[in-house]
2 protein chains.
Amino acid sequence: MGLTVFDEAIAVQPARDGRYQMTPDDRFAIAGAVNGGVLLASVLRAVLDTSPHPHPIATSAHFLRAPRTEPAQIEVTWLKHGRVAATARATLVQDGRPVLETTVTTGGLGDPAEGGGLSWTGAPPQLPPIQECEDIEHAQGPRAFSGYVKYVDIRLDPATVGWTRRQPSGRPEMRGYFQLREPRDPDACLLALAVDSLPPAVFGLAVVGWSPTVELTWHMRAVPGPGPLGLYGTGHLLSDGWFDEEVEVWDSAGNLVAQSRQLARLGRG
Amino acid sequence: MGLTVFDEAIAVQPARDGRYQMTPDDRFAIAGAVNGGVLLASVLRAVLDTSPHPHPIATSAHFLRAPRTEPAQIEVTWLKHGRVAATARATLVQDGRPVLETTVTTGGLGDPAEGGGLSWTGAPPQLPPIQECEDIEHAQGPRAFSGYVKYVDIRLDPATVGWTRRQPSGRPEMRGYFQLREPRDPDACLLALAVDSLPPAVFGLAVVGWSPTVELTWHMRAVPGPGPLGLYGTGHLLSDGWFDEEVEVWDSAGNLVAQSRQLARLGRG
């Protein structure tokens, strides 16, 4: 089995002193900008390389500059090694300037005895069957979305695709199924891509063009099982040029596996 | 007018090279641990001191160690100065060890022309009138909540106080009004306290004792008007010893002014 294109795109090579080499991959660019989730997945590869815990429980990312598709470095500095959690600062640097500043707390998942076995899950959002959903590659949307859909298979809920026909739903919602076009089981790195892969939920209000993410934080809540992931994106406030977007990721077994929120800047239509 | 106790608690003194001196204030401690929101407010004081933009639009914080109520330093490093946004890394350090790692993106708010004037707000959550809500100081809850309520006036929605009488509601929800007991208008620093001031929403499922915040990110969405703030806390998943909590803050004029999400660790009951 060769590597998937996604795994090639997020590969990092260890250098010395906690540094890693990587190159942003233009196969995952949209309108010239490499997808933020792909960059995050590379950063996680570097952080997990020396993490004492297996999972990136909490990842905060501030996007500072658009990276070019030229060699870059990831600098990993561990701030804490604890029994339950460890925290690293990881910065993606290009030409000596920080492009993406992240903080990653790693920890364990999957021990139901933790917390005295107490557990509770909110109701899962609903999606129509995948065969009733619309492949985003076929949607007549803005040219901006012609990029990484060669590698990423997103099937949108018909209730949230009106914007592709200039008929936005009037609600900041975007829902659909997500998987790579090549066979590959979901893991933490793929979740990092998933939380930043939907068209902006505000397209349900109006197509606003390129909308750069300023800050994105996501939490890994369970190890995802195989199969397509369900993505549920919503927003709560669009104001003064800023909007929020929350994405829940559920695996095919019905487990909430990731939650994200990002703050983004309104594009120009 | 003297400073409020809160303003005393979050004061920082500029030193040199982007460093500030501060001392975590035990008047805002709960069970010996100074409230995370108060620490964040101190960090924001330091960041805003040299920020080219007025508001902390996006603040990500990873809580590494419980600070002692002894002198500490805040180290501020600017990573980007942009026209729309600027980003700083700010670390609270005690005895040479990082206690709280934050990244703060600052920017502007209040120009409705930004984003082409496009705006949208979700429906505001509902709270009963303040006189029907229960002062948390009088609630017969765990001793742990006897701390900073001398300075912070939180009035809980009666629908979310059952846990104080060993009758949790069965839903991870916590709602109420928030203000300081001393007269003081809300601002960014008070919002940082507000988003981390409610009893954990999971108390609606079971009182789980001290539940340390591992990561908290909050977004400032509007400049708050005067008057009590409305806080609306919910959770979506409690599993493997971790839980999330989202808090919306609405001002008395009915504007969504802040949104937060935190990931916390279940305490031992």
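Refer to the structure presented above.
No experiment lies behind these values; they were computed from the predicted model shown.

*Asks:* Outline the packing of aromatic side chains, supporting the account with residue identities and numerical values.
*Replies:* Residue and element names in this part refer to chain A. Under the defined criterion, the tally for this structure stands at eight aromatic pairs over all chains. Note on Phe-28 and Tyr-151: the rings are 5.4 Å apart at their centroids and 35° apart in plane angle, and the pair reads as tilted. Of this pair, Phe-28 sits in the loop between β2 (19-22) and β3 (29-30) while Tyr-151 sits in the loop between β10 (134-135) and β11 (152-156), and the two are 123 residues apart along the sequence. Residue classification places Phe-28 among the buried positions, given a relative accessible area of 0%. Ring geometry for Trp-163 versus Phe-203: centroids 5.1 Å apart, planes at 65°, classification edge-to-face. A residue pair is termed long-range when its members are at least 10 positions apart, and Trp-163 in the loop between β11 and β12 (173-180) and Phe-203 in the loop between α3 (188-194) and β13 (213-220) qualify at 40 residues. Neither Trp-163 nor Phe-203 differs from the other in exposure class; each is buried. Through successive ring pairs, a cluster of aromatic residues spans Phe-6, Phe-28, Tyr-148 and Tyr-151. Geometry around Trp-242 places Arg-265 over its ring, the cationic atom sitting 4.5 Å from the centre.

*Asks:* Lay out the nonpolar core with the relevant residues and their values.
*Replies:* With 75 residues, the main nonpolar core has Phe-6, Ile-74, Leu-193 and Trp-218 of chain A as its most contacted residues. Element by element, the count of residues in this core is highest for helix α2 (residues 36-49) of chain A, at eight residues. Sequence-distant contacts of Ile-74 of chain A, defined by excluding residues within four places in its chain, comprise Val-12, Gly-18, Arg-19, Tyr-20, Met-22, Ser-42, Val-43, Ala-46, Ala-90, Thr-91 and Leu-92 of chain A. Among the nonpolar cores identified, the runner-up in size contains 74 residues, and Met-22, Leu-92, Leu-191 and Val-249 of chain B belong to it.

*Asks:* Run through the relation of the copies chain B and chain A, naming residues and quoting values.
*Replies:* Superposition record for chain B on chain A: RMSD 0.0 Å, screw rotation 180°, translation along axis 0.0 Å. Here the transformation between the copies is reduced to the relation of a two-fold axis. Ranked by how close their C-alpha atoms come to the rotation axis, the residues of chain B are headed by Ser-60 of chain B, at 3.2 Å. In this assembly the copies share their binding face: 98% of the residues contributing to the interface of chain B also contribute to that of chain A.

*Asks:* Talk me through the interface of chain B and chain A; I want residue IDs and the actual numbers.
*Replies:* Between chain B and chain A, the residue contacts involve 61 residues of the former and 61 residues of the latter. Both sides together, the interface formed by chain B and chain A hides about 5,300 Å², and carbon and sulfur atoms give 58% of it. In terms of surface lost to chain A, no three residues of chain B exceed Trp-120, Arg-221 and Arg-261 of chain B, which account for 14% of the buried area on that side. For the salt bridge of Arg-265 of chain B with Glu-114 of chain A, the shortest nitrogen-to-oxygen distance reads 2.6 Å.

*Asks:* Help me get a handle on the environment of Gln-94 of chain A, residues and values and all.
*Replies:* Residue and element names in this part refer to chain A. With respect to the helices, strands and loops of the structure, Gln-94 is situated in strand β7 (residues 85-94). The class for Gln-94 is buried, based on a relative accessible area of 6%. In this structure the C-alpha to C-alpha distance between Gln-94 and Asp-49, which are 45 residues apart in sequence, comes to 21 Å. Not counting the four nearest positions on each side in its chain, Gln-94 is found in contact with Pro-24, Pro-67, Arg-68, Glu-70, Pro-71, Ala-72 and Val-99. Of the polar contacts made by the side chain of Gln-94, one reaches the backbone oxygen of Glu-70; its length is 2.7 Å.

Calculation notes
Residues numbered from 1 in each chain as written. Chains lettered and ligands numbered in written order. Predicted model: local features only at pLDDT ≥ 70, side-chain atom pairs only at ≥ 80, totals over all residues. Heavy atoms only, no water. Phe/Tyr/Trp six-rings, centres within 6.5 Å; stacked < 30°, edge-to-face > 60°. Helix = DSSP H or I, 4+ residues; strand = E, 2+ residues; numbered from the N terminus. Buried < 20%, exposed > 50% of the residue type's maximum accessible area, 1.4 Å probe, protein only. Lys NZ or Arg CZ within 6 Å of the ring centre and 35° of its normal. Core = buried A, V, L, I, M, F, W, Y, C linked by side-chain atoms within 4.5 Å. Contact = heavy atoms within 4.5 Å. Least-squares fit on C-alpha atoms with pLDDT ≥ 70 in both. Buried area = accessible area lost by both parts, 1.4 Å probe. Salt bridge = Lys/Arg side-chain N within 4 Å of Asp/Glu carboxyl O. Polar contact = N/O pair within 3.5 Å; in protein donor to acceptor, adjacent residues only side chain to side chain.

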